[in-house]
Amino acid sequence: MFAWFSFKKPHIRLHVRPPVLQDHAKEVVPYPTTKAVVNFRMDNPIPVTLTKKLVKASVKAMKDKAK
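Structural notes, computed from the coordinates. Everything numeric here is computed off the predicted structure, so don't read it as measured data. (Residues numbered from 1 in each chain as written. Predicted model: local features only at pLDDT ≥ 70, side-chain atom pairs only at ≥ 80, totals over all residues. Heavy atoms only, no water.)

## Some words on the pattern of salt bridges
When charged atoms on two side chains of opposite charge get close, those side chains can pair. Put simply, the test is: A side-chain nitrogen of Lys or Arg and a carboxyl oxygen of Asp or Glu constitute a salt bridge if their distance falls within 4 Å. Residue burial is assigned from relative accessible area. The probe radius is 1.4 Å, only protein chains are included, and a residue is buried under 20% of its type maximum, exposed over 50%, and partly exposed in between.
Counted according to the given criterion, the structure contains three salt bridges. The salt bridge partner of Arg41 is Asp43, with a shortest N-O separation of 3.4 Å. For Arg41, a relative accessible area of 38% puts it in the partly exposed group. Between Asp64 and Lys60 there is a salt bridge, with its nearest N and O atoms 2.9 Å apart.

As C-alpha cells, this is what we get:
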C-alpha cells in the first residue's frame, strides 16, 4: 500500500510512506503528524491539493524503493 485513510475521532488520518512526510515537513506543519501519518480534523475540510501531493509523492517513493 502506498497511501490510505483511516479514522480515529476527531481526525481523519492519511497514511503515507515515512520519507514523504520528512520531504514535505514544511507543508504539513499545520497538522498533527507522526512518522507516517497526517491527521486532519473532522470539522475542517481535507486539503485536497496537499493530499494529492502527498499521495503522488508516496507512490513515487514506493516505486523508487522497488528499483
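After that view of the structure, there is still more to cover.
## Remarks on the pairing of strand 1 (residues 3-8)
Residues in a regular strand point their side chains to alternate faces of the sheet. Put simply, the test is: Here, strands pair whenever DSSP counts at least two bridges between them. Working definition: helices are DSSP H or I runs of at least four residues, strands are E runs of at least two. Numbering for both runs from the N terminus.
Bridge count for strand 1 against strand 2 (residues 11-16) is six bridges, and the pairing is antiparallel. Across the sheet, Ser6 pairs through a bridge with Arg13, a residue of strand 2. Here strand 1 hands over to strand 2 after two residues, the two strands then running antiparallel side by side.

## Quick word on the sheet that holds strand 1
Quick note on the threshold: Think of each axis as a best-fit line through the C-alpha atoms, taken over the contacting stretch in the case of a helix, with angles from 0 to 180 degrees between the N-to-C directions. Contact definition: two residues touch when any of their heavy atoms are within 4.5 Å.
Strand order in the open sheet formed by three strands is 1-2-3, and the pairing between neighbours is antiparallel. Each end of this open sheet is capped by a strand with a single partner; those strands are strand 1 and strand 3 (37-41). Neighbouring strand axes in the sheet, compared pairwise and without regard to direction, differ in orientation by 25° on average. Sheet topology note: the strand 2/strand 3 ladder contains five bridges and is antiparallel. Residue pairing in the sheet places His11 in a bridge with Arg41 of strand 3. In the packing of helix 2 (residues 48-66) onto the sheet, the strands contacted are strand 1, strand 2 and strand 3, and the crossing angle to strand 2 comes to about 30°.

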